[in-house]
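Okay, here's what each chain looks like letter by letter:
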Amino acid sequence: MSRLQDRVMQQSGSSKPVRYLYGPVATVFAATQTGTWRIHRPVINQAACNRCGKCARFCPLDIITMDRKDRSRDVTVDLTYCKGCGICAAVCPLGCIAMVPEGGEG
Amino acid sequence: MVRKLLDGNGAAAEAMRLARVQVIAAYPITPQSPIAEKLSQFVADGTLKAKYLRVESEHSAMSCLIGAQLTGVRTGTATSSVGLALMHEVLGVASGLRLPIVMPVVNRSLVSPWSLWCDHQDTMAERDSGWIQLYAADAQEVLDLTLLAYRVAEDPRVLTPIMVCMDGFFVSHTSQPVEVPDQEAVDRFLPPYRPQNLYLDVDDPMFVNDLTPPADFTEMRYQQKVGFEAALEVLPEVMDEFARHFGRRYDLVETYRCEDAEAVLVTLGSMSGTGKYVVDQLRAQGQKVGLLRVVSFRPFPADRVRAALSRVPVVGVMDRSAGLGAEVGPVCTEVRAALSAEGRQVPVVGFVGGLGGRDLAPKTLAAAFSRLLEIRAGAPAPRTSQWIDVRADALQLREVPAGVRH
Amino acid sequence: MLQLKLYGLGGQGVVTAAKVLAEAVAVHEGRYAQSVPAYGHERRGAPVYSDLFVDDQPILVKSFVYEPDYVLIFDLAVLDKGVDVTQGCRSHTVFLVNSAQPPVDYPFSRGYGPVYYVDATGISLATIGRNIPNSAMVGAFAATGVVGIESVARALGDIFGKAGEINVEAARQGHAAVRKL
C-alpha cells in the first residue's frame with residue numbers, strides 16, 4: 001500500500017511533452033454528445049418541406065441547418081447532438097417531421 | 001410495531017412523523033430529497049399534523065425552524081452536503097440559543113469536485129458547530145437514533161441540537177426491513193415538547209440572540225461545553241431507556257470482537273457493518289481482529305474509546321473525509337488524542353478512503369486490516385494518513401499538451 | 001448470503017424490482033434483504049443497475065455486490081452499451097434474461113450456472129400495456145426458489161397500490177412462462 005502511495009507521490013519525470021491538470025476538468029467532451037440520450041430521431045420529409053425555417057428557430061440546440069433559397073439542398077439535423085426532444089416536429093406547420101424510434105430501444 | 005421495508009430516508013421521515021414534529025422547513029437536495037418529499041406527503045395526506053414551510057434555501061430552512069422552535073414546538077428538517085454548508089451560519093444560532101432541533105443529515109461530499117455521493121466531509125466541516133453528531137449505520141438506526149435524539153436534545157441538562165448522520169445512498173437509499181414502533185409506544189417514550197429554556201411569548205417578552213459583549217460571551221460558550229459534557233451522561237441514560245421501551249440497545253461506541261484483538265479498526269457510519277462482515281471473515285481465517293465503531297462523534301466519548309482500546313496493540317482509523325492539511329483525518333485525530341492523553345505509545349494508523357461515493361467494499365477494509373497486522377508483525381507504522389483506495393494515476397488524470405498557455 | 005445484480009435500462013423499473021424482491025423476502029417471508037441502488041446521472045434509456053442481498057440472518061455488509069450469485073438482465077441492449085454482465089460471476093452464477101428467444105450466443109450462455117429466460121417485455125405489453133418488464137421479471141425470478149411467488153405478489157400489491165393487480169398478473173404470467181436454456 002505504501003509502495004502504491006509512493007508511486008502516486010512521484011511526479012511524472014518523463015520527457016514527453018505533456019503535463020497534467022489538477023482538479024475537476026474534462027478534456028474529452030464525450031458527455032456533451034447529447035445525441036446518445038436520443039430515444040426518437042427526427043426524420044424530415046425533404047420533398048414536402050418548404051424551408052420555412054421554423055424548426056431551426058425553435059431547436060433548443062440550434063443544430064438544424066437549411067438553405068432557405070435552394071430547396072434542392074436537404075435540411076440537416078446534427079445527430080451527434082440531437083436529443084430527440086421533438087420540438088421541431090411539434091412546431092412544423094406542414095407536419096413534415098416524423099419522430100422515429102431509434103433501433104434497439106423501441 | 002410493524003416491520004416495513006424502508007431506506008434511511010424513509011426511516012428518518014417515519015421517525016419525524018412519530019415524534020410529531022409540528023413545523024417543517026426543508027429544502028430538497030440529493031440524496032436527502034426523499035425526506036423532504038415524504039414529509040410533504042405526510043402533511044398533505046394528513047398523517048402528520050404539521051405546517052410545512054416552503055423555503056428558498058437551507059439557510060432559510062434553519063432560520064425558520066429556529067423561530068418556530070422558539071415558539072414552543074418540535075420542528076423538523078433535513079439536509080446534505082452543500083445544503084449543510086449553506087446552513088453553517090444559522091447552525092451556530094440554533095446551538096447557541098440552546099434549541100433542541102433534531103436534523104437528519106445525509107452525508108455527501110462537499111465541492112469541488114462536484115459529487116452527489118457519500119463521504120463525511122459535510123458533517124466533519126460542522127463538527128465544531130455546537131451540534132451533537134450521531135452516526136447511524138443502517139436504516140433501523142436512523143429511525144431509532146432520531147427518536148432518542150429528541151429526548152437527549154430536549155433534556156434540560158443538554159439543550160443542544162443533534163444531527164443524525166447517515167451515509168448518502170449506502171444508508172439513505174438502501175432498503176432493508178425496519179421495525180417501526182406504534183405511535184402509542186413512541187408517545188410513552190417521547191412526551192410532547194415543552195420548551196425548557198428560551199421561548200417567545202407576546203405576554204412575556206424576551207429578546208433573544210442579542211449582541212453579547214466580551215463580559216458574557218465566554219460564559220455562554222462555557223454553558224454549551226457543560227451541555228456537551230452532560231450529553232455524555234444523558235446519551236447512555238436515554239439509550240438504556242430506549243432499550244427498555246423498544247428492545248434495541250445503543251451506546252456511545254460499539255465494540256465488535258475486540259476482546260483478544262491484535263488489531264482494531266475504528267469506523268464511523270455504514271462502513272461499520274461492512275467492517276464487521278470483514279472481521280467475521282478474517283476471524284474465520286484465524287486473524288485476531290476487531291472493530292470499534294464510534295456512534296457519537298460529538299460529544300467524542302474519549303474515555304470509552306480509551307477503555308475499548310486499552311489492550312489493543314495496533315489501532316487503525318478509517319476516515320471517510322480527507323482531513324486536508326492535518327497529519328491524519330478528523331476521526332483519527334480524535335482517537336490519537338484520546339490515547340495519547342493516557343500516555344499510551346500504541347501505533348494509531350490513519351486511513352483515508354471511500355471519498356466521493358467510492359465504495360468501502362469488503363476488500364478495501366480487508367486491505368486496511370492486513371496493513372495493521374503487518375505493523376503488528378513489525379512493519380513501521382506511518383505517521384501520515386494512508387489513502388487506502390487511491391489509484392496509482394492520481395497525479396496523471398488529465399493529460400494536456402505541455403506549453404499550452406504557459 | 002445470496003447476492004444479486006439487476007441490469008437494465010432507465011425506465012424499466014430495475015430499482016423498483018430490487019425493492020419488490022427485498023419487500024417479498026424481508027416483510028412477507030420474515031427473512032432479511034437489502035436493496036442497494038446505484039445512482040448516477042439518470043436518464044431514460046441509460047444502463048442502470050441495482051444490487052440485492054438476501055439472507056436468513058441480518059445483513060451486515062453495506063456495499064455493492066461484486067460477486068453475484070444471481071444476475072437479472074432486463075434488457076439485452078445493456079450488453080451493446082458496454083455493460084459486462086458477467087463481471088464477478090462464478091461458475092454457479094444463475095442468469096435470468098428478458099428474452100423471447102433462447103439467449104444462446106451471449107457471454108453468459110456458457111460457463112456459468114443455469115440460464116433462465118422469459119419474454120417479460122411481451123408479458124408487460126400484454127398485461128400492463130407498456131414495456132416495463134420488472135413485474136414479469138420478479139415473477140419469473142420466483143421460479144429460482146430464492147423467493148416465493150405469493151410473497152412477490154403481496155410485495156407488488158404493497159408497492160404498486162392500485163396498479164398492483166395488473167402487476168401481479170404480469171408476475172404470475174412471468175412465473176408460468178419462464179424457461180431454462
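Conventions used here
- Residues numbered from 1 in each chain as written.
- Chains lettered and ligands numbered in written order.
- Predicted model: local features only at pLDDT ≥ 70, side-chain atom pairs only at ≥ 80, totals over all residues.
- Helix = DSSP H or I, 4+ residues; strand = E, 2+ residues; numbered from the N terminus.
- Buried ≥ 20, exposed ≤ 12 C-beta atoms within 10 Å, placed from the backbone.
- Contact = placed C-beta atoms within 7 Å.
- Rg over C-alpha atoms; globule rule 2.2 N^0.38 Å.
- Expected span 1.5 Å × (residues − 1).
- Nonpolar A, V, L, I, M, F, W, Y, C, P; charged D, E, K, R; others polar.
- Domains from an automatic or database assignment.
- pLDDT = per-residue confidence, 0-100.
- Pairing = 2+ DSSP bridges.
- Axes fitted to C-alpha atoms, helices over the stretch in contact; angles between N-to-C directions.
- Left-handed = near helix turned anticlockwise from the far one by under 90°.
- Core = buried A, V, L, I, M, F, W, Y, C linked by C-beta atoms within 7 Å.
- Arc of directions from axis to C-beta.
- Right-handed = clockwise from strand over helix to strand, strands pointing away.
- Parallel < 35°, antiparallel > 145°, perpendicular 65-115°, else oblique.

S.K.: Even after reading the chapter, I still don't get the overall build of chain A, so can you show me in this structure?
M.R.: Helix and strand counts for chain A come out as 3 helices and 5 strands. Order of helices (α) and strands (β) in chain A, N terminus to C terminus: α-β-β-α-β-β-α-β. Within chain A, buried positions represent 12% of all 106 residues. Look at the contacts in chain A between residues 6 or more apart in sequence, and 71% of them connect residues 24 or more apart.

S.K.: Where do I start with the overall build of chain B in this structure?
M.R.: Each helix and strand counted, chain B has 12 helices and 17 strands in total. Against the compact-globule benchmark of 22 Å for 406 residues, chain B has a radius of gyration of 22 Å, which places it among compact chains. Once the C-alpha set of chain B is aligned to its principal axes, its extents read approximately 70 × 65 × 50 Å. For chain B, long-range pairs separated by at least 24 residues make up 80% of all intrachain contacts whose partners lie at least 6 apart in sequence.

S.K.: Would you mind showing me how to read helix H2 (residues 33–45) of chain B here?
M.R.: Working note: α-helix, 3.6 residues per turn, so residues spaced by three or four point in the same direction. All names here are of chain B. Taking 1.5 Å of rise per residue, 13 residues should cover 18 Å, and H2 covers 18 Å from first to last C-alpha, within 8% of that figure. All of the buried residues in H2 are Pro34, Ile35, Ala36, Lys38, Leu39 and Phe42. Those residues of H2 that are buried lie in contact with helix H1 (8–18), strand E2 (23–26), strand E3 (51–54), strand E4 (75–76) and strand E6 (102–107). With its phi angle positive at about 85 degrees, Gly46 sits one or two positions after the end of H2.

S.K.: Help me understand the interface of chain C and chain B, please; the structure alone is not making it clear to me.
M.R.: Reports of interface size often rely on the accessible area that becomes lost once the parts have come together. Contact with chain C, which involves 17 residues of that partner, is made by 21 residues of chain B. Where the side of chain C that touches chain B is concerned, the elements lending two or more residues are helix H1 (14–26) and strand E2 (32–37) of chain C. Broken down by class, the residue content of the side of chain C that touches chain B amounts to 11 nonpolar, 3 polar and 3 charged.

S.K.: Honestly, the domain arrangement of chain B in this entry has me stumped. Any pointers?
M.R.: Residue and element names in this part refer to chain B. Domain boundaries in chain B define domain 1 (2–246) and domain 2 (253–387). Taken together, the 26 residues of domain 1 in the interface contact 20 residues of domain 2. Broken down by secondary-structure element, the contributors of at least two residues to the side of domain 1 that touches domain 2 are helix H5 (121–124), strand E7 (132–135), strand E8 (162–167) and helix H8 (214–246). Looking at the side of domain 1 that touches domain 2 residue by residue, the class counts come to 16 nonpolar, 6 polar and 4 charged.

S.K.: Explain the confidence of the model for chain B to me, please; I cannot follow it from the model alone.
M.R.: Segments scoring low in pLDDT should not have their predicted coordinates read at a detailed level. The predicted model of chain B has a mean per-residue pLDDT of 97, with 99% of residues at 70 or higher. Predicted complex, confidence summary: ipTM 0.94, pTM 0.90.

S.K.: Sorry if this is basic, but what is going on with the sheet that holds strand E15 (residues 348–352) of chain B here?
M.R.: Strands in a sheet are paired, the pairing made by backbone hydrogen bonds, and the direction either parallel or antiparallel. Residues and elements named next belong to chain B. Spatially, the 6 strands line up as an open sheet ordered E10-E12-E11-E14-E15-E16, and their pairing is mixed. The open sheet has two edge strands with one neighbour each: strand E10 (253–256) and strand E16 (386–387). Here strand E14 (residues 314–319) runs beside E15; their pairing, made up of 5 bridges, is parallel. The residue bridging Gly316 from the neighbouring strand is Val349, located in E15. Across the face of the sheet, helix H11 (residues 330–340) comes into contact with strand E11 (263–267), strand E12 (289–294), E14 and E15 while running at roughly 150 degrees to E14. Packed on one face of the sheet, helix H12 (residues 362–376) meets E11, E12, E14 and E15 and runs near 140 degrees to E11.

S.K.: How should I be thinking about the packing of helix H9 (residues 271–284) of chain B against H12(B) in this particular structure?
M.R.: Residue and element names in this part refer to chain B. At a minimum axis distance of 9 Å, the contact between H9 and H12 shows a crossing angle of 65 degrees. Two packed elements cross with a definite hand, and for H9 against H12 that hand is right-handed. For the pair H9 and H12, the contacting residues are Met271, Thr274, Gly275, Tyr277, Val278 and Leu282 in the first and Pro362, Leu365, Ala366 and Phe369 in the second. Residues belonging to the contact of H9 with H12 are distributed by class as follows: 8 nonpolar, 2 polar and no charged.

S.K.: What is the right way to look at the environment of Ile87(A) in this model?
M.R.: All names here are of chain A. Note on placement: Ile87 falls in helix H3 (residues 87–91). Sequence separation between Ile87 and Val43 is 44 residues; the distance between their C-alpha atoms is 13 Å. With sequence-adjacent residues up to four places away left out, Ile87 is seen in contact with Phe58, Cys59 and Pro60.

S.K.: Looking at this model, I keep getting lost on the nonpolar core. Mind explaining?
M.R.: What tends to happen in soluble globular proteins is that the nonpolar side chains get buried as a cluster. Membership of the largest hydrophobic core comes to 181 residues, with the highest contact counts inside it found for Val164(B), Leu21(C) and Val152(C). Counting the residues that make up this core, at least three belong to each of domain 1 (2–246) and domain 2 (253–387) of chain B. If we ignore the near neighbours within four places in the chain, the residues touching Leu21(C) are Ala33(C), Leu52(C), Val138(C), Phe141(C) and Val147(C). Core analysis: the second largest hydrophobic core is formed by 11 residues, Cys55(A), Cys82(A), Cys88(A) and Cys92(A) among them.

S.K.: Got a minute to help me understand unusual backbone geometry in this structure?
M.R.: Most peptide bonds adopt trans geometry, and most residues besides glycine take a negative phi value. Residues and elements named next belong to chain B. In this model, Val111 is joined to Ser112 through a cis peptide bond whose omega is -15 degrees. Tracing the sequence through the fold places Ser112 in the loop between E6 and H5. Of note, the amide linkage connecting Ser112 to Pro113 takes the cis form, showing an omega dihedral of 0 degrees. As for its position among the elements, Pro113 is in the loop between E6 and H5.

S.K.: Can you help me understand the sheet that holds strand E1 (residues 2–9) of chain C in this one?
M.R.: Residue and element names in this part refer to chain C. The sheet built from 7 strands is open, its strands ordered E2-E3-E1-E4-E5-E6-E7 with mixed pairing. Two strands lie at the open edges of the sheet, namely E2 and strand E7 (179–180), each paired on one side alone. Examined bridge by bridge, E1 and strand E3 (residues 47–55) share 8 bridges and lie antiparallel to one another. When the bridges of E3 are listed, Leu2 appears paired with Val54.

S.K.: Sorry if this is basic, but what is going on with helix H3 (residues 120–127) of chain C here?
M.R.: Residues and elements named next belong to chain C. For H3, the full list of buried residues reads Ala120, Thr121, Ile123, Ser124 and Thr127. All buried residues of H3 project into a common sector of 165 degrees when viewed along the axis, lining one side. Taken together, the buried residues of H3 touch strand E5 (94–98), strand E6 (115–118), helix H4 (134–141) and helix H6 (164–177).

S.K.: What exactly am I supposed to notice about the pairing of E15(B) here?
M.R.: Strand residues, when the strand is regular, have side chains that alternate between the two faces of the sheet. Residue and element names in this part refer to chain B. For E15, a buried count of 5 out of 5 residues is recorded, marking the element as mostly surrounded by other parts of the structure. Neither face of E15 is exposed, since Val348, Gly350 and Val352 on one face and Val349 and Phe351 on the opposite face are all buried. With H11 bridging E14 and the parallel E15, this β-α-β connection has right-handed handedness. Two elements, E15 and E16, share 2 bridges in a ladder whose sense is parallel. Within the sheet, the bridge partner assigned to Val352 lies in E16 and is Trp387. Between E15 and its parallel partner E16, the chain crosses via H12, and the hand of that crossover is left-handed.

S.K.: Teacher, can you tell me more about the packing of helix H3 (residues 58–70) of chain B against helix H4 (residues 81–96) of chain B here?
M.R.: Each packed pair of helices is defined by two parameters, the angle between the axes and the distance between the axes. Residue and element names in this part refer to chain B. Across the interface, H3 lies against H4 with an axial gap of 7 Å and an inter-helix angle of 25 degrees. Classified by the interaxial angle, the pair formed by H3 and H4 is roughly parallel. The element H3 and its partner H4 pack so that their crossing is right-handed. Taking contact as the criterion, the partners of Glu58, His59, Met62, Ser63 and Ile66 in H3 are, on H4, Gly83, Leu86, Met87, Glu89, Val90, Leu91, Val93 and Ala94. Tallied by class, the residues present in the contact of H3 with H4 amount to 8 nonpolar, 3 polar and 2 charged.

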